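Structural characterization, general
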Amino acid sequence: MTTAVADADILAEPSRPLPRRWLSRRLEPYVFVSPLIVLIGIFVLAPGVLTVALMFFNVDILAGTWKFTGLRNIQQAIGRGEIANSIVVTIEYALLTVPPSMVLGLLVALGINGLRAGGSFWRAAYFLPVAATLVAMSIVWRWMFLARRGLVDQTVGKWMGLTDWLNSSDLSLPAVALVGNWQQIGFVAIVYLAGLAGVPKHLLEAARIDGASAWHRFWHVTWPALGPATVFAAVISSIQALRIFDTIATMTKGGPAASSETLTYLLWKRGIYYFDIGGGAVVTVVLLAFALLATWIQKRASRRLERAGSR
Amino acid sequence: MDPEARLAAPRKGGQPVTKRSTSPFAPGQIAVHVALAAGAIFMLLPFWLMIRAALTPEAEIFSGNMLTLGTVTLDNFRRVFAEVPILRYYFNGIFVVVAIFIGQVIVCVPAAYALARLHFSGRELSLWIVLGALMIPYQVTAIPVYVILAQFGLIDTRSALILPFVANAFGVFLLRQFFLAIPGSVFEAARLDGAGAFHTLFSVVLPMARPALVTFGIFSFVSHWNDYFWPSFVLRSDAAATVPFGIVRFLDAELGSDYGPQMAAATLSVLPLLVGFLLAQRQFINGIAMSAGQVE
């Protein structure tokens, strides 16, 4: 590639030895790249530095004043216990959504993949929740979870005695997680369907001829080939758990008693609802740590897969 | 010949190791359809209940069989149009997603092209900046970006919904991969012809990027049309409200326990994307599945 461009420059220059042209060729890449870099600087890099600064200040947006407060924001955030609570709630939410949606998404993908007809119909049906506006569907779910009269209390509530989910500190997070699964399954299924397309068919057929049972074929051929799809789906759904906001804001508002207050919801509540910018900055740093942790785990897992593949 | 077809084809001369029915009506196939249908009820039930309640008179919403339609009325929709400025939300939503996408094309296509195909000092650094930005979910920049926008007096404006998303590291990354897959000679031919930088960009690079832009465009449209998180940071009133923000605000304020109009409003919010999805399923699935690539 390098040579092609270099050759082109050599070929192009002698015929038109205009210095202006030469200059514009040299400047061209910078004209193309600088808007992007400037905007990333303003909206990603500068905010990173700003967050660290904001942790140590008491900022009044309306008055435009910054007051240095040292470690007080951090001490308060720890003292109130809300950060610790939100970390626990976020991890609980991840445990309630990541494993179930991955297992169910894989089952859906295996089902659809094995079909001779009608696969694209089911794919569309399961993907519909992914495409729908989550906030609007949360309004529907909120109504389905309505105390006494809602569908959930009329059915599950009557059969199992689990009623008024959204106002129960034990059931509000599971209710939100149920919607999370509802939305996530189709997404995981699509990831696995892409993975299944890459499973070597001749190996499956060879195993079949050798008399391997369906379970053995899955466990020894299909599942290992799905490694990258699994890592991918796991990381995406974990990051989704870190980002979850819409369902919580519409269905529970983090309650009751902060029992469904995830980190992203706390971020909004601190920074916007309480107008406590410094406190919001502290939550941001925790959120960033989790996001980087997720990326790091993904990098490690895919590197291990690569090594396993090259053996 | 595609391997599936080869396997399905009857073997000549080979020993019949397994008998494998190829009929779509084989018992195993039917069982899979039944299982998928059972799961699909869970996936589609909320949509059905929403539409049913939206079409049912307020008094009958909780009565009767939830699985059938009773009296059909459009009153709930009439109330939404009368009381909720939903057309303004639609307008704001369309304005915002279109502006974001145009901005993304203007900023990201040239940058991705330069990062893929032009040589200049600082290229490595620029690439690292893009990859770094890619790892940071935008929730993490929400508070500081909010502070920056507030400094410029942009709170509660459509600009606040647009500006932070114009430089999309993921879009650059994706387009760059796309340009890298196109032979460099294609671009070089245009340059040798003496075409200027911008001419090359508009007549060669942009048309070539179209397939990638369609996928990225759907991703961008869907994620910003649906977004509720960022509007709830920078919006305070109805003026610049997009559909998700406007609807929730209005429901909580005006339609507290009027479930019929609530469901009608929800239907109206979901409708544009559902129609789009049903019309262009494949592109939609690709576009949304791409959001996954954001952490890659």
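Since the model is a prediction, treat every value here as computed from it, not as a measurement.

1. Remarks on helix 6 (residues 134–144) of chain A
Summarising burial for helix 6 of chain A: 11 of the 11 residues are buried, a large majority. Inspection of helix 6 of chain A places Leu134, Val135, Ala136, Met137, Ser138, Ile139, Val140, Trp141, Arg142, Trp143 and Met144 of chain A among the buried residues, and these make up the whole buried set.

2. Some words on the domain arrangement of chain B
Residues and elements named next belong to chain B. We note that the domain assignment places domain 1 (24–73) and domain 2 (84–295) within chain B. Spacing between the C-alpha centres of domain 1 and domain 2 amounts to 34 Å. At the interface, seven residues of domain 1 touch seven residues of domain 2. Of the residues that constitute the side of domain 1 that touches domain 2, the class distribution is five nonpolar, one polar and one charged.

3. A look at the interface of chain A and chain B
On the side of chain B, 87 residues touch chain A, which itself brings 89 residues to the contact. At 17 residues, the largest contribution of residues to the side of chain A that touches chain B is made by helix 2 (residues 19–54) of chain A. Of the residues that constitute the side of chain A that touches chain B, the class distribution is 64 nonpolar, 16 polar and nine charged.

4. Considering the environment of Ala189 of chain B
Following the sequence through the fold, Ala189 of chain B ends up in helix 9 (residues 184–192). Taking the C-alpha atoms as reference points, Ala189 of chain B and Met208 of chain B, 19 residues apart in sequence, are found 14 Å from one another.

5. A short note on the packing of helix 4 (residues 82–113) of chain A against helix 12 (residues 227–243) of chain A
Residues and elements named next belong to chain A. Between helix 4 and helix 12, the shortest axis-to-axis distance is 9 Å and the interhelical angle comes to 145°. Seen along the crossing, helix 4 lies across helix 12 with a hand that is right-handed. Facing helix 4, whose interface residues are Thr90, Tyr93, Ala94, Thr97, Val98, Ser101, Met102 and Gly105, helix 12 presents Ala233, Ala234, Ser237, Ser238, Ala241 and Leu242. When its residues are assigned to classes, the contact of helix 4 with helix 12 shows eight nonpolar, six polar and no charged.

Rules and cut-offs
As a convention, each chain's residues are numbered from 1 in the sequence order in which they are written. In the order they appear in the text, chains get letters beginning with A and ligands get numbers beginning with 1. The model is predicted, so local features are restricted to residues of pLDDT at least 70 and side-chain atom pairs to those at 80 or more, both for listing and for counting; the totals for chains, interfaces and linings are taken over all residues. Here exposure depends only on C-beta density: within 10 Å of a residue's C-beta, 20 or more other C-beta atoms make it buried, 12 or fewer make it exposed, and intermediate numbers make it partly exposed, the C-beta atoms being placed from the backbone. Segments assigned H or I by DSSP are reported as helices when at least four residues long, segments assigned E as strands when at least two residues long, and all are numbered from the N terminus. For each domain, the first and last residues come from an automatic or database assignment. Throughout, a pair of residues is in contact if the C-beta atoms placed from their backbones lie within 7 Å. The classification used treats Ala, Val, Leu, Ile, Met, Phe, Trp, Tyr, Cys and Pro as nonpolar, Asp, Glu, Lys and Arg as charged, and all other residues, Gly among them, as polar. Fitting a line to C-alpha atoms yields each axis, with helices limited to the stretch in contact; the angle taken between N-to-C directions then spans 0 to 180 degrees. Two helices crossing with the near one rotated counterclockwise from the far one by less than a right angle form a left-handed crossing, whereas a clockwise rotation gives a right-handed crossing.

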